[in-house]
Amino acid sequence: MFASIHGQAIPKFGSQADEQGLLIDLAFTFSPLVEQTAVDTVVLNVSGQNLLFGSPPNSGSAVDDNATIHSVRALAGEIVRRAAQLGFKVNVSIAANPDAAIHSARAFKGVTVIPAGEESLQLGKLSLKTLDYSLADIEKERVAEISETLELWGLRTFGDFARLPLAGVAQRLGQAGVRLQKLAQGKSDRQMVLVQPPLGFEQSLELEHPVAELEPLSFILSRLLNQLCANLDSHALATNELRLHLDLEDRTEHERIISLPIPMQNPKTLLRLLLFEIEAQPPQAAVISVTIIAEPVKPRMAQTGLFIPLSPEPEKLELTLARLAKLVGADKVGSPEILDTHRPDAFRMKRFSISTQNKSRRNRQPASGKRQCVMGFRVFRPPWRAEVQTLQGRPTRIRAQDVKLSCLVRGKVICASGPWRTSGDWWHPDVWVREEWDIAVADSTSKANEVLCRIYRELQSEAWFVEGVYD
């Protein structure tokens, strides 16, 4: 037994998507099996629902006796009543066939009940222009062609089309015509395309007594995360983002968001990450309510090679990064990202994430097929402070040493290129102005060797530094 609801909000409120969602929600209050055939039309399987509103039917889902019709009308009346509470004016039709119920709800006002076997009689006077070709799965290219053919045949109503001989319809219109004729007779047979309710992965708990310490709060978080991960696992999903919402005793709220580099569904790992976040920024009052929301995504699929050693689990890496962030600060852990500025060696740390770009070209050789000579540059962090002698503004001798590494750059400058002057951020307090040189220094220990390095002078402090050496 199927019920079709056709209507719209009166007066209109919100967007069309909002009205569509309310109509679907109305249908879900009566059955979990709902199909949306149009923006303003839904059909639902209400088999067995009439038991709540009257006597049970005597023969399955068929509407065939007075007691059943009475209970079915009571069900339809309840649908109309609840729709009115939501601000909808609807037509409701109940039949043993979903397509018959759809056409009836669109054509007749109020409540319509079609007894089993009387579909052709009830639908026979409807105009063929109201026949919904999409219910028979007719291609859009053929709709206009078939409509024109039926009009040339002089057919005007469902009944005219239903009375044609099946063999003639099949011969002239093919299987598409046969499906359309069954639709006009109210005898179509198809599976409903069900609306999937939105998946919600949220766990909440209101506490009987306020919790101010981390240890008892961890037991509550563990309970909620176990339920949440079990729900994700039952749908073959994982999560890459957790949102923690805490209602506090002083009527304020505390929220934390954890973005994960890869999808996870391990409750123990997620619990530790949440505890690290709470320890880093604890709430200012006792907790009276806890809500955890997970963003569902497809789980990570990985296949290792037979002879490739196993790498550490990503969950353990994420826990290690969380511990480091707790010790040194979240802005000092992650992946380096070059800033869009000319300031030398300017970068910031961003959260580590796995790149999904195609790496098929990483082993591609140069077009010439020859190896290219590349010079490397080793940057000193921090740069070495240097003593530089100059003649007419050009460096002639240098001495620089790193105390920790016991490394030394000392000698006569035999070649110098520069200067290259750069500056920037003059509108900020940390303005920078520097003068760079590339120099070759004769090694004092061996005259046959030379050290190529880059030095610079900060023009504000007149201090010299060694930025790095060329290899």
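Residues numbered from 1 in each chain as written. Predicted model: local features only at pLDDT ≥ 70, side-chain atom pairs only at ≥ 80, totals over all residues. Heavy atoms only, no water.

> A description of the overall build of the protein chain should follow, citing residues and the corresponding values.
Of the regular secondary structure elements, the protein chain holds ten helices and 17 strands. Burial analysis of the protein chain (471 residues in total) assigns 37% to the buried set. Partitioning the intrachain contacts of the protein chain with sequence separation of at least 6 by distance along the chain shows that 58% fall at a separation of at least 24. Roughly 29300 Å² of accessible area belongs to the protein chain as shown, and the carbon and sulfur atoms make up 52% of that amount. (Helix = DSSP H or I, 4+ residues; strand = E, 2+ residues; numbered from the N terminus. Buried < 20%, exposed > 50% of the residue type's maximum accessible area, 1.4 Å probe, protein only. Contact = heavy atoms within 4.5 Å. Areas by Shrake-Rupley, 256 points an atom, 1.4 Å probe, with all protein chains shown as cover.)

> Now, about the layout of surface pockets: what can you tell me, with residues and values included?
In this structure, the largest pocket encloses a volume near 490 Å³. What lines the largest pocket is a set of 20 residues, and nearest its centre among them are Glu-277, Ala-322, Ala-325, Ala-330 and Arg-351. Elements that contribute at least two residues to the lining of the largest pocket include exactly β8 (253–264), α9 (267–280) and α10 (314–328). Of the residues contributing to the lining of the largest pocket, the split by class is eleven nonpolar, three polar and six charged. (1 Å grid on protein atoms, 1.4 Å probe; cavity = no way out; pocket = protein on both sides within 12 Å on 5 of 7 lines; lining within 4 Å. Points joined across faces, edges and corners; volume = space filled by probe spheres on them. Nonpolar A, V, L, I, M, F, W, Y, C, P; charged D, E, K, R; others polar.)

> An account of a positive patch on the surface is needed here, citing residue identities and associated values.
Side chains of Arg-397, Arg-399, Arg-410 and Lys-412 sit close together on the surface and give a patch of like positive charge. Contributions of two or more residues to the positive patch are made by β13 (394–402) and β14 (407–424). Position of Arg-410 relative to the elements: it lies in strand β14. (Patch = residues over 30% accessible without salt bridge, like charges linked within 9 Å, V, L, I, M, F, W, Y side chains within 5 Å. Salt bridge = Lys/Arg side-chain N within 4 Å of Asp/Glu carboxyl O. Lys, Arg positive; Asp, Glu negative; His and termini not counted. Charge placed at Lys NZ, Arg CZ, Asp CG, Glu CD.)

> Can you explain the confidence of the model for the protein chain? Please cite residues and give values.
Of all residues in the protein chain, 84% have pLDDT values of 70 or greater, and the mean over the chain is 82. Below pLDDT 50 for its whole length, residues 55–64 participates in 23 contacts with residues either more than four positions away or in separate chains. Here residues 358–362 is a poorly scored stretch, pLDDT under 50, and it has zero contacts once near neighbours within four places are set aside; other chains count. (pLDDT = per-residue confidence, 0-100.)

> Go over the packing of helix α8 (residues 214–234) against α9, please, and point to the residues and values.
Interaxial distance between α8 and α9 falls to 9 Å at its minimum, and their mutual angle equals 140°. On the basis of their axis angle, the class for α8 and α9 is oblique. The chirality of how α8 crosses α9 is right-handed. Between α8 and α9, the contacting residues are Leu-214, Leu-217, Ser-218, Leu-221, Ser-222, Leu-225, Asn-226 and Cys-229 on the first element and Pro-267, Leu-270, Leu-271, Leu-274, Leu-275, Ile-278 and Glu-279 on the second. Among the residues making up the contact of α8 with α9, the classes are represented as eleven nonpolar, three polar and one charged. (Axes fitted to C-alpha atoms, helices over the stretch in contact; angles between N-to-C directions. Parallel < 35°, antiparallel > 145°, perpendicular 65-115°, else oblique. Left-handed = near helix turned anticlockwise from the far one by under 90°.)

> Which residues make up helix α3 (residues 98–107), and what are the values?
Most of α3 is tucked away: eight of the ten residues are buried. Looking only at α3, the buried set comprises Pro-98, Asp-99, Ala-100, Ala-101, Ile-102, His-103, Ser-104 and Ala-105.

> Break down the environment of Leu-173 for me, citing the residues and quoting the values.
With respect to the helices, strands and loops of the structure, Leu-173 is situated in helix α7 (residues 166–185). On the accessibility criterion, Leu-173 (5% relative accessible area) is buried. Excluding its chain neighbours within four sequence positions, the residues that come into contact with Leu-173 are Arg-142, Ile-146, Thr-149, Leu-150 and Trp-153.

> Describe the sheet that holds strand β16 (residues 450–458), with residues and values.
Hydrogen bonds between backbone groups are what pair the strands of a sheet, and the pairing can be parallel or antiparallel. Sheet architecture is closed into a barrel: six strands sit in the order β12-β13-β14-β15-β16-β17, paired in antiparallel fashion. In this sheet, neighbouring strand axes are inclined to one another by 40° on average, regardless of whether the strands run parallel or antiparallel. Taken together, the nine bridges between β14 and strand β15 (residues 432–442) define a ladder with antiparallel strand orientation. The residue bridging Trp-420 from the neighbouring strand is Glu-436, located in β15. (Pairing = 2+ DSSP bridges.)

> Outline the pairing of strand β12 (residues 377–391), listing residues and values.
As paired strands, β12 and strand β17 (residues 463–470) are joined by six bridges and run antiparallel to one another. Bridge pairing in β17 places Arg-385 opposite Phe-465. Two successive antiparallel strands, β12 and β13, enclose a turn made up of two residues, where Gln-392 displays a positive phi of approximately 55°.

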